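# A closer look at the structure
Below are the chains, spelled out letter by letter.
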Amino acid sequence: MRGLEVVRAGALTSVQDLGRPGYAHLGVPRSGALDTAAHALANRLLGNPPGSATLETTLDGVGLRAVGGPVVVAVTGAPCAVRACGRPVAWGAPVLLREGAELEVGRAESGVRGYVAVRGGFAVEPVLGSRSTDLLSGLGPPVLVAGALLPVGAPGPDPVAGVDAAAAPGPSPELVLPLRLGPRADWFTAESVTGRLLRATYRVSPASNRIGLRTQGPPLVRARGGELPSEGMVLGAVQVPPDGQPVVFLADHPVTGGYPVVGVVPPGPALDAAAQARPGVPVRFVRSP
C-alpha cells in the first residue's frame, strides 16, 4: 500500500478536509480545516480536488516517511522549514519523496497551523462523507500518533501545478474580525457592545483551540439576567460566557449552546486568519453590515 508513515506526530496533527456541513440537525459538528485557504492551496499545488484530505499540524509540524512507492507532497499554512532526507526543500511547492524518504515539517515561524497535502489525498476511511478529525465529537480518524500509516489515494487527472503559491506570509500584527451583530446583542448593555466590543482591543487567549478562539479583554456586561435555552450555533458565532470574554466558534464548535451570541464573524479570510493567530495577538472586532 502506498502511503505515508508517521515518524513524528507533533503537538497535534489531524486529518482534515472540508468537513461535514449539513448535519447540524443531527447533532454532528461541521469540523474541517481551520485555514481553508491554506488547505485549498496545498491541494491545488498538487492537482488534487479541493475536498481532498490534508494533514493539519499545530505549531511544531510533523515527520513523515514515504512507504510503498514515491509520493509528491506540498506544505502550506504557517511558514516553516521543510526538509526531505535532511536536506532543505521548498515550502509552498510540490516536493517529490521517493520510497523511504522522510519529510520533516518544522516548527511554525509565524502562525499556528500548517497543511501537508499529498498527491491523491489521504485516503483514510470517511465518516458521514468526510475524512476530518473532529476533536469535539470524536468523529473521523484519530489524531496522529507515531507509527500510524496513512494511505494515499489515486491521483486525479489534473497535473501538479506548483505555480500559484504566494510568498510565505509574515506574522500579522493584529487580528481584525468583521462582526455582524446579533442575534443576542440586546442581551448586553449598549456600552458593552459599542464602547468595549467594537472599540477595545482584545488578545488571543492561550486556551484557544479548534473549537473556539478565546479572547481576553474588557468583559461584556449583561443588560438582562437569566439564561437562554440551548439554541443552534454556526461557524463564526461569537458566544459570550458568564465571564464576559467573547469566544469565536471555529470548525469543531458545538451545534448548540446556551450562552448568548453577540454577533457572527462571516466565513472567509478573517476566520482563516483566526486559525493562525497565536496567543497574545491583539484582536479587534469591527462592525460589519
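The preceding data block contains the structure.
To start, this report covers the structure provided alongside it. (Residues numbered from 1 in each chain as written. Predicted model: local features only at pLDDT ≥ 70, side-chain atom pairs only at ≥ 80, totals over all residues. Heavy atoms only, no water.)

### Regarding the overall build of the protein chain
To keep things clear, this is the line we draw: We count a stretch as a helix when DSSP gives it H or I for four or more residues in a row; a strand needs E for two or more, and each element gets its number in order from the N terminus. Here the term buried applies to any residue with accessible area under 20% of the maximum for its type, exposed to any over 50%, and partly exposed to those in between, with areas from a 1.4 Å probe on protein chains only. Between two residues, a contact is recorded if the distance between any of their heavy atoms is within 4.5 Å. For the charge count, each Lys or Arg is scored as positive and each Asp or Glu as negative, with His and the chain ends excluded. To locate a charge, take atom NZ for lysine, CZ for arginine, CG for aspartate or CD for glutamate.
When helices and strands are counted, the protein chain shows 3 helices and 20 strands. If one aligns the C-alpha atoms of the protein chain with their principal axes, the spans along those axes are about 65 × 40 × 30 Å. For the protein chain, with 289 residues in total, the buried portion stands at 51%. The contacts of the protein chain with a sequence gap of at least 6 include a subset with a gap of at least 24, amounting to 78%. Counting 25 positive and 21 negative side-chain charges, the protein chain places the centres of these two groups 3 Å from one another.

### Focus: the pattern of salt bridges
Note the threshold: Every case where a carboxyl oxygen of Asp or Glu lies within 4 Å of a side-chain nitrogen of Lys or Arg is listed as a salt bridge.
Within the structure shown, the criterion is met by 10 salt bridges. We note a salt bridge from Glu104 to Arg8, for which the minimum N-O separation is 2.6 Å. Here Glu104, found in strand S9 (residues 102-105), pairs with Arg8, found in strand S1 (residues 3-8); they are 96 residues apart in sequence, far enough to count as distant. A salt bridge links Arg284 to Glu174, with the nearest nitrogen and oxygen atoms 3.1 Å apart. Of the two residues, Arg284 is situated in strand S20 (residues 282-287) and Glu174 in the loop between strand S11 (149-151) and strand S12 (175-181); the sequence distance between them amounts to 110 residues. A relative accessible area of 30% means that Arg284 is categorised as partly exposed. By relative accessible area, which is 29% here, Glu174 ends up partly exposed.

### With respect to the sheet that holds strand S5 (residues 71-77)
To summarise the sheet geometry, strands pair through backbone hydrogen bonds and adopt either a parallel or an antiparallel arrangement. What counts here: Should DSSP find at least two bridges between two strands, the strands are taken to pair. In this analysis, axes come from line fits to C-alpha atoms, helices being fitted only over the stretch in contact, and the angle between any two N-to-C directions falls in the range 0 to 180 degrees.
The strand order across the open sheet built from 5 strands is S2-S3-S10-S5-S8, with neighbouring strands paired in antiparallel fashion. Every other strand in the sheet has two partners, leaving strand S2 (14-16) and strand S8 (95-97) as the edge strands with one partner each. Going from strand to strand, the sheet's axes swing by 35° on average, the running direction of each strand aside. Bridge analysis of S5 against strand S10 (residues 113-118) gives 5 bridges, and the strand direction is antiparallel. Each residue of the ladder has a partner; that of Val75, found in S10, is Val116. Along the sheet, helix H1 (residues 36-45) makes contact with S2, strand S3 (54-58), S5 and S10, crossing S5 at roughly 155°.

### Considerations on helix H2 (residues 190-197)
Where we set the bar: The arc under discussion is defined with respect to the helix axis, by the directions toward the C-beta atoms.
Buried within H2 are the following residues: Ser192, Val193 and Leu197. Buried positions in H2, seen along its axis, are confined to an arc of 95° and lie on one side of it.

### Section: the layout of surface pockets
Put simply, the rule is: A pocket, in this scheme, is an open set of points on a 1 Å grid over the protein atoms alone with protein on both sides within 12 Å along at least 5 of 7 lines, while a cavity is a set where a 1.4 Å probe fits but cannot get out; residues line either one if an atom lies within 4 Å of a point. Grid points are joined across faces, edges and corners, and a volume is the space filled by probe spheres set on the points. Three classes are used: nonpolar for Ala, Val, Leu, Ile, Met, Phe, Trp, Tyr, Cys and Pro, charged for Asp, Glu, Lys and Arg, and polar for all others, with Gly counted as polar.
When its volume is computed, the second largest pocket comes out at roughly 190 Å³. Forming the walls of the second largest pocket are 17 residues, and the residues nearest its centre are Val112, Arg113, Ser208, Ala277 and Pro279. Secondary-structure elements contributing two or more residues to the lining of the second largest pocket are strand S14 (212-216) and helix H3 (269-275). Residue composition of the lining of the second largest pocket, grouped by class: 10 nonpolar, 5 polar and 2 charged.

This is a description of form; function is not addressed.
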